[in-house]
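Descriptive structure summary
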Amino acid sequence: MNDWKHSGYKLKFYADEHKEFPEAYIKELNSEQARIVISKLQRHFKVGRLSLAFTDRIGGGKCDYGGLIRLRWQTSIGMACHELAHLLGYRKYNIRGHNRKMKRIMARMINYCQKKNYWQEELEKRLAPKPITPEPTKQESRLILIKKREQQIVRYEKKLKYYTKLYSNKLKSARRSILMLKRNVSI
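Just so it is clear, the model here is predicted, and its values are computed rather than measured.

Notes on the sheet that holds strand 4 (residues 68-72)
Pairing is mixed in the open sheet, where three strands are placed in the order 2-4-3. Strands at the two margins of the open sheet, each flanked by one partner only, are strand 2 (51-55) and strand 3 (61-64). Geometrically, the sheet is characterised by an average inter-axis angle of 15° between neighbouring strands, direction not taken into account. In the packing of helix 3 (residues 31-44) onto the sheet, contacts are made with strand 2 and strand 4, and the angle to strand 2 comes to roughly 155°. Packed on one face of the sheet, helix 4 (residues 77-93) meets strand 3 and strand 4 and runs near 15° to strand 3.

Topic: the side chain of Ser31
Its place among the elements puts Ser31 in helix 3. For Ser31, a relative accessible area of 12% translates into the label buried. Excluding residues that lie within four positions of it along the chain, Ser31 makes contacts with Phe54 and Trp73.

Considering the packing of aromatic side chains
Per the stated rule, a full pass over the model turns up six aromatic pairs. For the pair Phe54 and Trp73, a centre-to-centre distance of 5.6 Å together with 25° between the ring planes defines the contact as stacked. Here Phe54 is found in strand 2, whereas its partner Trp73 is found in the loop between strand 4 and strand 5 (75-76), with 19 residues between them in sequence. Look at Phe54 and you get buried, because its relative accessible area is 11%. Centre to centre, the rings of Tyr65 and Tyr90 are 4.8 Å apart; their planes meet at 45°, and the pair counts as tilted. Of this pair, Tyr65 sits in the loop between strand 3 and strand 4 while Tyr90 sits in helix 4; the two residues are 25 residues apart in sequence, bridging distant segments of the chain. Here a set of aromatic residues connected by ring pairs shows up, and it is made of Phe45, Tyr112 and Trp119. The ring of Tyr93 carries the charged tip of Lys101 above its face, separated from the ring centre by 4.2 Å. Against the face of Phe13 rests Lys103, its NZ or CZ located 6.0 Å from the ring centre.

Brief notes about the pairing of strand 3
Here strand 3 pairs with strand 4 via four bridges, running antiparallel. Of the residues in strand 4, the one forming a bridge with Asp64 is Leu68. What sits between strand 3 and strand 4 in their antiparallel hairpin is a turn of three residues, with Gly67 showing a positive phi close to 120°.

Things to note about the pattern of salt bridges
Here the structure, examined in full by the defined rule, presents six salt bridges. Of the charged contacts in the structure, one is a salt bridge between Glu20 and Lys103, with a shortest N-O distance of 3.2 Å. Here the residue Glu20 occupies a position in helix 1 (residues 12-20), and Lys103 occupies one in helix 5 (residues 100-115), the gap between them amounting to 83 residues. When its relative accessible area of 46% is taken as the criterion, Glu20 is described as partly exposed.

Quick notes on the nonpolar core
One finds Leu41, Leu50, Ile69, Leu71, Cys81, Leu84 and Met109 to be the most contacted residues of the largest nonpolar core, which totals 38 residues. Once residues lying within four places of it in the same chain are set aside, the contact partners of Ile69 are Leu50, Ser51, Leu52, Ala53, Lys62, Cys63, Glu83, Leu84 and Leu87.

Here we look at the environment of Ala85
You can see Ala85 is positioned in helix 4. Distance from Ala85 to Val47, taken between C-alpha atoms, is 9.1 Å for residues 38 residues apart in sequence. The contacts of Ala85, once residues within four sequence positions are left out, are Met102, Ile105, Met106 and Met109.

Here we look at a nonpolar patch on the surface
Together, Tyr162, Tyr163 and Tyr167 make up an exposed nonpolar region whose accessible area comes to about 370 Å². By the secondary structure assignment, Tyr162 is in helix 7 (residues 138-184).

Reading the values: the criteria
Residue numbers restart at each chain and count upward from 1, following the sequence in its written direction. Predicted model: local features are reported for residues with pLDDT of at least 70 only, side-chain atom pairs are reported and counted for 80 or more only, and whole-chain, interface and lining totals are derived from all residues. Remark: hydrogens and water are excluded; side-chain values derive from all non-hydrogen atoms of the structure. DSSP bridges decide pairing: two strands pair if at least two such bridges lie between them. The secondary structure listing takes helices from DSSP runs of H or I that are at least 4 residues long and strands from runs of E that are at least 2 residues long, numbered from the N terminus. Inter-axis angles, ranging from 0 to 180 degrees, are taken between N-to-C directions of lines fitted to C-alpha atoms, where helices are fitted over the stretch in contact. The contact criterion used throughout is that any non-hydrogen atoms of two residues lie within 4.5 Å. The buried label applies to any residue whose accessible area, calculated with a 1.4 Å probe on protein chains only, is under 20% of its type's maximum; exposed applies above 50%, and partly exposed to all values in between. Pairing of aromatic rings covers Phe, Tyr and the six-membered ring of Trp, with a centre-to-centre limit of 6.5 Å; geometry is then stacked below 30 degrees between planes, edge-to-face above 60, and tilted otherwise. Whether a charge lies above a ring is judged from NZ of Lys or CZ of Arg, which has to be within 6 Å of the ring centre and within 35 degrees of the ring normal. Here, a salt bridge means any Lys or Arg side-chain nitrogen found within 4 Å of an Asp or Glu carboxyl oxygen. By nonpolar core is meant a set of buried Ala, Val, Leu, Ile, Met, Phe, Trp, Tyr and Cys residues that side-chain atoms within 4.5 Å join together. Patch members must show over 30% relative accessible area and no salt bridge, and they are joined within 9 Å when carrying like charges or within 5 Å when they are nonpolar side chains of Val, Leu, Ile, Met, Phe, Trp or Tyr. The method behind every accessible area is Shrake-Rupley, applied with a 1.4 Å probe, and residues are considered shielded solely by the protein chains displayed.

Right, here's the structure in full:
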């Protein structure tokens, strides 16, 4: 019954969290993935500005109510949601510590993460190494520059044709207007 005391958790709250959301605490995140997930949660739940710091010196995470969240380099989605729930609870409801309200906030965050499938596809896509494109040779760069210049000339010719036609029509119209005015005037 009191096995939570021997499970290594200081508070029963932590043990209950791990029992209630085991999948969230299994999903490991490195620091870059944690930044992406926290920014998604931050925008969705309208947490406001915050700072993230990563370290190895703390147990799991720590939230300073001024807006600084400290996490381990290797953390889990559950831990990120836990610390973000502390900050959101303080900013929205002025609550500190571990209570039912904070647990409800955290449950909402974890359910949102589950609904989005923990952003697995997006994390893989955004953090995949970029393919290395070789530098163009001198000859290729000259050919690219020549092509750009040719496109510029075509553009300028189109503009010249458009404006020539436009202003030649305006000139014709003005000359006709003068002729009509001269006919009606007897000098």
